[in-house]
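# Structural characterization, general
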Amino acid sequence: MSFQVSPRRAIRDAFAYQPGKSIASVQRELGLKTVVKLASNENPLGPAPRALAAYRRAEKFSALYPEGASPELRSALARHHGVPPESVIVGNGSDEIIRLLCEAFLEPEDEAVVSQYAFIRFKQQASMMGARVVEVPMTDWTHDLSLMAKAASPRTKLIFVANPNNPTGTFNTQEEIEGLLEAAPKTSLIVLDEAYWHYARAIPGYPASLPDLVARHSNLVVLRTFSKAYGLAGLRVGYGVGNPELVSWLDRIRMPFNVSLPAQRACVEALKDEAFVRRSVALNEVQRALVARALGDMGLGVGDSATNFVFARAPMPGRELFKALLRQGVIVRPLDEYGLPQHARVSVGTPAQNKALFAALRRVLAVPA
Ligand SMILES: Cc1ncc(COP(=O)(O)O)c(C=O)c1O
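The rules behind each value
Residues numbered from 1 in each chain as written. Predicted model: local features only at pLDDT ≥ 70, side-chain atom pairs only at ≥ 80, totals over all residues. Heavy atoms only, no water. Pairing = 2+ DSSP bridges. Helix = DSSP H or I, 4+ residues; strand = E, 2+ residues; numbered from the N terminus. Contact = heavy atoms within 4.5 Å. Axes fitted to C-alpha atoms, helices over the stretch in contact; angles between N-to-C directions. Domains from an automatic or database assignment. Buried area = accessible area lost by both parts, 1.4 Å probe. Salt bridge = Lys/Arg side-chain N within 4 Å of Asp/Glu carboxyl O. Polar contact = N/O pair within 3.5 Å; in protein donor to acceptor, adjacent residues only side chain to side chain. Nonpolar A, V, L, I, M, F, W, Y, C, P; charged D, E, K, R; others polar. Buried < 20%, exposed > 50% of the residue type's maximum accessible area, 1.4 Å probe, protein only.

Time to look at the sheet that holds strand β10 (residues 309-313). Judged by pairing direction, the sheet is antiparallel, and its four strands sit side by side in the order β9-β10-β13-β12 without closing on themselves. Bordering the open sheet on either side are β9 (301-302) and β12 (333-335), each of which pairs with just one other strand. Bridge analysis of β10 against strand β13 (residues 340-347) gives five bridges, and the strand direction is antiparallel. The residue bridging valine 310 from the neighbouring strand is valine 346, located in β13. Contacting β9, β10 and β13, helix α13 (residues 274-297) runs over the sheet at an angle of about 10° to β10. Sitting on the sheet, helix α14 (residues 318-327) touches β12 and β13, and the angle it makes with β13 is about 40°.

What follows is the structure, given as structure tokens:
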């Protein structure tokens, strides 16, 4: 029996997000016992311990609906960033906030400006609203914010900037971000997605967006996530900080109970686990340098990274490299969906995981040990 109900036009043309391959699926498909996943920029140290303890304590409330607006977490985030609670919206991952922004602001006749190799969810979500996506070329694998400002028109509702960017790992400076805020129309909302903030914050020139820039610009919203340095990707919690009026629009259209109670409680505690975050960032710093050097020595082209992954040009098509490494039990991320068939993205792991990556790469590329 054929299905005859037609979906919205924008959905028909939409392409689904391709998540990194899971450990369980590789174990099943290839019959491998040990699989190392370096494909989704997760924290290789696991969840923040204080968060995990709070999660377990909250399990007993699982029969009850959570408070929909995540009030305790919202207040904790407001204190953490020195902003009023009305400026904070908590989402089911920062991914939900990206979706809410598109749903709240994009009519089919509107435009969203993104750069060519920006985090792909911006483009996907905007096109699902039927809006026109204006793609602006990068300069040196970095968002060219003056070109992006020039590309904005009176129809531009959203300008997306992932800083640092996934998958290129590059970042824009405070001066560049301030330049965009000056030059862009005040009728365009600038979405500054700082998912990798913890890994970039100490780099000279990296912007201090919260609370200053948000206080000074009503058309700026900053996104952060618990999925990276806090090690809580599986709990799905992210948030946005912006003008209270913007937040109230997003609040109106979010799912009534978008974040589970254990996840809300875990994130309140995660914010206090500074020691864990410091350990995670320090490990990443050391291991990222090792990964970049090893990949470079094996003939891959590796760019500077302000994140917990490296962006690499492979000596073979990225998809071939991905498949060959998969057979060795290591999952990396090919980037054909970004129009980058020669590249791959490799998350930084623990020392043991990275050693497994190097051994697998040596076998795949036939490099002597
Ligand atoms: C730049 C960027 N933004 C947002 C996200 C989504 O994160 P979350 O897990 O909070 O939905 C990711 C995930 O990798 C990302 O790389």
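Picking up where we left off.
Split by domain assignment, the protein chain resolves into domain 1 (9-37 + 275-365) and domain 2 (49-270). On a C-alpha basis, the centroid separation for the pair domain 1 and domain 2 is 24 Å. Contacts between the two partners involve 26 residues from domain 1 and, on the opposite side, 29 residues from domain 2. On the domain 1 side of the contact with domain 2, Phe15, Ala306 and Tyr338 bury the most area, a combined 27% of that side's loss. If you look at where domain 1 meets domain 2, you find zero salt bridges. Along the contact surface separating domain 1 from domain 2 lie three residue pairs in polar contact (both at pLDDT 80 or more). Tallying contributions element by element places α13 first for the side of domain 1 that touches domain 2, with six residues. Among the residues forming the side of domain 1 that touches domain 2, the class breakdown is 15 nonpolar, seven polar and four charged.

Turning our attention to the pattern of salt bridges. Under the counting rule described, the total for this entry stands at 17 salt bridges. A salt bridge links arginine 99 to glutamate 103, with the nearest nitrogen and oxygen atoms 3.1 Å apart. Residue arginine 99 and its partner glutamate 103 are both found in helix α5 (residues 94-105); the two are separated by four residues, about one turn of the helix. In this structure, the salt-bridge partner of arginine 224 is glutamate 194, at a minimum N-O distance of 2.9 Å. Placement of the pair is arginine 224 in strand β7 (residues 220-225) and glutamate 194 in the loop between β6 (189-193) and α9 (197-200), with a sequence separation of 30 residues. In this structure arginine 224 comes out as buried when scored by relative accessible area, which is 6%. Among the residues examined, glutamate 194 registers a relative accessible area of 1% and is labelled buried. Within this structure, Arg50, Glu269 and Lys272 form a network of salt bridges that share partners.

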